[in-house]
Amino acid sequence: APPTSHADGGQSGPTTRAVAATGNVGTDRDGQLGTAERSGYNLETKDIMSASVSGDNFPYLYSANSFKNNVGSTGYMVKGGVFTTSDSLQPDWSLRARRARIYPNDSVILYDVDIYVGETPVMRLPFLYQSLDRENSFTITPGYRSVWGGYLLRTYAFPPTAKIGATLRRDH
């Protein structure tokens, strides 16, 4: 199904083929809800630009100062991104990246990353790469959900043969 959007206000430019939405902008794409303070979309070039973005893609929650597609690519550029799995108002931990490149179904690359425990920075990394290849990956996901409490999800996916995939999960 195509994505659906709503906003408090909006306007379009018939000659520029641009649409601008402001105030409580929400987009639902395949059951994933994202919100923004304002967003713009060019109907001709398919370029998108949003400001003050937040949302979740279970088990991850995110927010960013800005989000836009990479022109001529299938990826997205995020600036001022915060990523966590903690749904509390004061996240137990977070990754805060100056910028990030997201390539759906391929990889996520965070640049100038600060790792926080609570509000305390504990480590800085020049970049952090995470493959989204579900057929050959190892993932550790710590987090906190108000319904579950603290948790640690571990997944190892691998292809035992060319036509069979396997996934091992260990949750605590």
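Within each chain, residues carry numbers counting from 1 in the order of the written sequence. A pLDDT threshold of at least 70 governs which residues receive local features in this predicted model, and a stricter bar of 80 or more applies before side-chain atom pairs are shown or counted, although totals over entire chains, interfaces and linings include all residues. Each side-chain value is derived from all of the structure's non-hydrogen atoms; neither hydrogens nor water enter the calculation.

For the rest of this paragraph, the subject is the overall build of the protein chain. Under the DSSP-based scheme used, a helix requires at least four consecutive residues in state H or I and a strand at least two consecutive residues in state E, with every element numbered from the N terminus. Per the secondary structure count, the protein chain includes 0 helices and 13 strands. Secondary structure elements of the protein chain occur, N-terminal to C-terminal, as β-β-β-β-β-β-β-β-β-β-β-β-β. The C-alpha extent of the protein chain, read off along each of the three principal axes, is 55 × 45 × 35 Å. Within the span of the protein chain, comprising 172 residues, buried residues form 26% of the whole. A sequence separation of at least 24 residues applies to 24% of the contacts in the protein chain between residues at least 6 apart. For every accessible area listed, the method is Shrake-Rupley and the probe measures 1.4 Å; residues are considered covered only by the protein chains on display. Summing over all exposed atoms, the protein chain offers an accessible surface of approximately 11,400 Å²; the carbon and sulfur share of this is 55%. Three labels apply to residues, based on accessible area from a 1.4 Å probe with only protein chains included: buried if under 20% of the type maximum, exposed if over 50%, partly exposed otherwise in between. When checking whether two residues touch, look at their non-hydrogen atoms; a contact exists if any pair is within 4.5 Å.

The next point concerns unusual backbone geometry. Residue Lys 46 is not a glycine yet carries a positive backbone phi of 70°. Here Lys 46 is to be found in the loop between β4 (32-42) and β5 (48-57). The class for Lys 46 is partly exposed, based on a relative accessible area of 49%. If you check the backbone angles, Asn 105 has positive phi at about 60° while not being a glycine.

Two numbers describe a pair of aromatic rings. These are the distance of the centres and the angle of the planes. Whether two aromatic rings pair depends on their centres lying within 6.5 Å, for rings of Phe, Tyr and Trp, where Trp uses its six-membered ring; planes under 30 degrees apart make the pair stacked, over 60 edge-to-face, and the rest tilted. Per the counting criterion, the structure on display carries 1 aromatic pair. Ring centres 5.0 Å apart and planes at 20° place the aromatic pair Phe 67 and Tyr 76 in the stacked group. A ring is considered to have a charge above it if a Lys NZ or an Arg CZ atom is located within 6 Å of its centre and within 35 degrees of its normal. Positioned above the aromatic ring of Tyr 116 is the side chain of Arg 96, whose terminal nitrogen or guanidinium carbon lies 3.7 Å from the ring centre. If you follow Arg 99 out to its NZ or CZ, it ends over the ring of Tyr 111, 4.0 Å from the centre.

Of the strand pairs in this sheet, β4 and β5 are connected by 7 bridges, and their pairing is antiparallel. Opposite Ser 39, over in β5, you have Ser 50 as the bridge partner. Pairing between strands requires that DSSP locate at least two bridges from one strand to the other. Connecting the antiparallel pair β4 and β5 is a turn made up of 5 residues, with Lys 46 showing a positive phi of about 70°. Pairing between β5 and strand β6 (residues 60-69): 8 bridges, direction antiparallel. Bridge pairing in β6 links Ala 51 to Ser 66. Hairpin connection from β5 to β6: 2 residues lie between these consecutive antiparallel strands.

Counting residues in hydrophobic clusters, the biggest one holds 10 residues: Ala 64, Val 78, Phe 83, Leu 95, Ala 97, Ala 100, Val 108, Leu 110, Val 113 and Ile 115. Of all the elements in the fold, those that place two or more residues in this core are β7 (76-84), β8 (93-103) and β9 (107-117). Those residues in contact with Leu 95, other than ones at most four positions away along the chain, are Gly 81, Val 82, Phe 83, Leu 110, Val 113, Asp 114, Ile 115 and Leu 128. To qualify as a nonpolar core, a set must consist of buried Ala, Val, Leu, Ile, Met, Phe, Trp, Tyr and Cys residues joined through side-chain atoms within 4.5 Å.

What follows is about the side chain of Ser 66. By the element assignment, Ser 66 lies in strand β6. Setting aside residues no more than four positions away along its own chain, Ser 66 makes contact with Met 49, Ser 50, Ala 51, Met 77, Val 78 and Lys 79.

Let us look at the pattern of salt bridges. For this analysis, a salt bridge means a side-chain nitrogen from Lys or Arg found within 4 Å of a carboxyl oxygen belonging to Asp or Glu. The final tally for this structure, using the stated rule, is 4 salt bridges. As a salt-bridge pair, Glu 37 and Arg 38 come within 3.1 Å of each other at their nearest N and O atoms. For Glu 37, a relative accessible area of 45% puts it in the partly exposed group. For Arg 96, the salt bridge identified is with Glu 119, shortest N-O distance 3.3 Å. Taken as a pair, Arg 96 in strand β8 and Glu 119 in the loop between β9 and β10 (120-131) lie far apart in primary sequence, 23 residues in all.

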